[in-house]
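Results of the structural survey
Chain residues, written in single-letter form:
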Amino acid sequence: MIVSAREEASSIGTEILKKGGNAFDAMMATEMALAVTYPYAGNLGGGGFMVYRLANGKTGALDFREKAPLSASKNMYLDEEENVIEHKSTVGAYAVGVPGTIAGIFKAHKMFGKLPVKDVLQPVINLAENGFVVTKKQAERFKKYDSIFKAVNKKDILFTKPYKAGDTLKNIQLAKTLSRISKHGKSEFYTGKTAKILVNFISEKEGIITLEDLAKYEAKWRDPVIFNYKDLRVISMSPPSSGGLCLAQIMKQIEPFDLQSYGHNSLKAIQVMVEAERRTYADRSYFLGDPDFVKIPTETLLSDVYTQDRMKDFSFQQATPSDSIAHGDILGYESTETTHYSIVDQFGNAVAVTTTLNSGFGSKLYVDELGFFLNNEMDDFSSKPGVPNVYGLIGAEANSIAPEKRMLSAMTPTVVEKDGLLYMVVGTPGGSTIITSVLQTILNVEEFGLTMQEAVNAPRFHHQWLPDEIIMEPKQFSESLKKQLIKKGYKINETKTPVIGKVDAILVLNNGFLEAGADYRGDDAASGF
């Protein structure tokens, strides 16, 4: 089974499984099919993270997060007065980090894949050549970004045509790029013809990525964050993602409470989860960055003594004000415009992959000749410690810019075991709400007995320490519940994020069957056999 942001991507990945491929072959096909059909976040010009669990129980993580170019510097987005220059880290070529996606899918495939790359990529090349059907949500999105595409690229691009729902969109240049990659492998993107076209394009647009930057890029195997919650064993992403550590800390803080008896999305359940989230987000920011550059005190942060101490001042009587909680500084979190897919193959292997360009369509810069958008991932660094990034989140020194450093992230691809067996594969886009959406999906199944689709559909809420408010999906929670929360001193915001996450998850049932949860908040779809 495969669950992703687009039906075509899930179907192509499933076809690869039917041909005898495994989860890692399907990962390559699904990732590239999303680059074709979901250019908003699917990509060749971005990066991401993968967490896996093999059929034999072995687990691991792959970091293909973008890196800062060699000529990047700590103050590159500041003016002479050391103020942050607006839009410099978010729009255009100067915002682009060295892409990691192609390195990631090839590294995973080289280690574990079964089918030849050309067989995996051919259906995707066909999809780009023959085109895909534009959905209603997608047509609206293209229209919304039309003027910024024209402004940044200084001309019309493939996506500025007036597409309507039901139109077919072909991307011939991307088909050609994928054909070359299919033939020559990873080196085509990092040292071949594609690399040269890419670097020429970036330098013409006054960016700083060079052929040396591309040639030096490597995806990196990491040890995942692994922790227990009651009888679950949770395997999630390690730094430079904050996802796994945050998820672990929240779950460890709520473990002593009897959520099940409080009831799903009840006053007491929400209080416990919000207070654990508040304390975790206050902490996380201060310590986290690229582990190749920053020492992270993981053991202390995840120790029972530490996590229980964090909740000792919690009371059901009233909210704990965020300004009373000791903290570091809040780190920059990527935007909500990420994408996630979950795969379980017929051999019992599972992968959870979250991938992004950062903002929707990344830097908005489109490489015509290659057929894809470039990321604006440099904004995920702290341009200046203490100053909010485009998402209003403040950065700490641990996440300052340095050459070849990977920017921090909140992506949380996660695999869950129960009784030693594969139980769930889960993840989502959603910026800082990623962690809490993954948390709620796991708890909805495990504590509240929901099916996977019900768990994904359920209304979501989020707290991230600052601003001191509970973000709630609008019109999803009862007025009486909201009044009770307000009475206890909680502020509620229903306007900030109308959609909290787009979770794509798989649950393994007791009889061995797989159950999908594909999020109705997007065009997400599951495919399986």
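Described below are features of the structure shown in this document. All of these numbers come straight from a predicted model, not from anything done at the bench.

1. Notes on unusual backbone geometry
The omega torsion of the bond from Pro239 to Pro240 falls at 15 degrees, within 30 degrees of zero and hence cis. Relative to the helices and strands, Pro240 is located in the loop between strand S8 (232-236) and helix H10 (243-254). Of the consecutive residues Leu466 and Pro467, the connecting peptide bond is found in the cis state with omega at -5 degrees. With respect to the secondary-structure elements, Pro467 resides in the loop between strand S15 (461-462) and strand S16 (470-472). Of note, Glu206 is a non-glycine position whose phi angle comes to about 70 degrees, a positive value.

2. Here we look at the pattern of salt bridges
The full count for this structure, using the stated rule, is 36 salt bridges. Where Arg65 meets Glu377, a salt bridge forms, and the shortest distance between an N and an O atom there is 3.0 Å. Placement of the pair is Arg65 in the loop between strand S3 (59-64) and helix H3 (101-112) and Glu377 in the loop between strand S12 (372-373) and strand S13 (414-418), with a sequence separation of 312 residues. Judged by its relative accessible area of 0%, Arg65 falls in the buried class. Put simply, Lys482 and Glu479 hold a salt bridge, and the shortest N to O gap is 3.0 Å. On the criterion of helical spacing, the pair formed by Lys482 and Glu479 is a turn pair, its members being three residues apart in helix H17 (residues 479-487). Salt bridges sharing common partners tie together Asp63, Lys220, Arg222, Asp290, Asp292 and Arg406.

3. Digging into the packing of aromatic side chains
Per the stated rule, a full pass over the model turns up 28 aromatic pairs. Relative to Tyr52, the ring of Phe24 lies with its centre 5.9 Å away and its plane at 75 degrees, an arrangement referred to as edge-to-face. Remark: Tyr52 occurs in strand S2 (residues 47-53) and Phe24 occurs in helix H2 (residues 23-37); sequence separation between them is 28 residues. Under the relative-accessibility criterion, Phe24 is labelled buried at 1%. Geometrically, the ring pair formed by Phe149 and Phe361 is edge-to-face, given 4.9 Å between the ring centres and 85 degrees between the ring planes. A residue pair is termed long-range when its members are at least 10 positions apart, and Phe149 in helix H5 (residues 136-153) and Phe361 in the loop between strand S10 (350-356) and strand S11 (366-367) qualify at 212 residues. Among the residues examined, Phe149 registers a relative accessible area of 0% and is labelled buried. Cluster of aromatic residues (ring-pair linked, three or more members): Tyr38, Tyr40, Phe142, Tyr145, Phe149, Phe159, Tyr163, Phe361, Tyr366 and Phe373. Between the NZ or CZ atom of Arg141 and the centre of the ring of Tyr40, over which it lies, the distance is 3.7 Å. Over the ring of Tyr190 we find Lys186, and its NZ or CZ is 5.5 Å from the ring centre.

4. Focus on the nonpolar core
Leu44 and Met50 are the most contacted members of the largest nonpolar core, which totals 84 residues. The dominant element in this core, judged by the number of residues it contributes, is H2, at eleven residues. Look past the residues within four positions of Met50 in its chain and what remains in contact with it is Phe24, Met27, Gly60, Ala61, Leu62, Phe64, Ala108, Met237, Val351, Ala352 and Val353. Formed by 80 residues, the second largest nonpolar core is a distinct cluster that contains Leu232, Ile270, Ala282 and Ile506.

5. Details of the sheet that holds S15
Read from one edge to the other, the open sheet built from three strands follows the order S15-S16-S17, with strand pairing classed as mixed. Every other strand in the sheet has two partners, leaving S15 and strand S17 (492-493) as the edge strands with one partner each. Pairing analysis gives two bridges linking S16 to S17, with the strands arranged parallel. Across the sheet, residue Ile470 finds its bridge partner in S17, namely Ile492.

6. Remarks on the packing of helix H1 (residues 7-18) against H2
Interhelical geometry of H1 versus H2 gives an angle of 155 degrees and a closest axis separation of 8 Å. In terms of their interaxial angle, H1 and H2 are classed as roughly antiparallel. Crossing angle aside, the handedness with which H1 passes H2 is right-handed. Taking contact as the criterion, the partners of Glu8, Ala9, Ile12, Gly13, Ile16 and Leu17 in H1 are, on H2, Ala23, Asp25, Ala26, Ala29, Thr30, Ala33, Leu34 and Thr37. Among the residues making up the contact of H1 with H2, the classes are represented as nine nonpolar, three polar and two charged.

7. Let's talk about the packing of H1 against helix H4 (residues 117-130)
Contact pair H1 / H4: the axes reach a minimum separation of 10 Å and the direction vectors enclose 150 degrees. Comparing the axis directions of H1 and H4 gives the class roughly antiparallel. Here H1 runs over H4; the crossing is right-handed. Where H1 abuts H4, its residues Glu8, Ile12 and Ile16 lie against Asp119, Val120, Pro123, Val124 and Leu127. Grouping the constituent residues of the contact of H1 with H4 by class yields six nonpolar, no polar and two charged.

Cut-off values and rules
- Residues numbered from 1 in each chain as written.
- Predicted model: local features only at pLDDT ≥ 70, side-chain atom pairs only at ≥ 80, totals over all residues.
- Heavy atoms only, no water.
- Helix = DSSP H or I, 4+ residues; strand = E, 2+ residues; numbered from the N terminus.
- Salt bridge = Lys/Arg side-chain N within 4 Å of Asp/Glu carboxyl O.
- Buried < 20%, exposed > 50% of the residue type's maximum accessible area, 1.4 Å probe, protein only.
- Phe/Tyr/Trp six-rings, centres within 6.5 Å; stacked < 30°, edge-to-face > 60°.
- Lys NZ or Arg CZ within 6 Å of the ring centre and 35° of its normal.
- Core = buried A, V, L, I, M, F, W, Y, C linked by side-chain atoms within 4.5 Å.
- Contact = heavy atoms within 4.5 Å.
- Pairing = 2+ DSSP bridges.
- Axes fitted to C-alpha atoms, helices over the stretch in contact; angles between N-to-C directions.
- Parallel < 35°, antiparallel > 145°, perpendicular 65-115°, else oblique.
- Left-handed = near helix turned anticlockwise from the far one by under 90°.
- Nonpolar A, V, L, I, M, F, W, Y, C, P; charged D, E, K, R; others polar.

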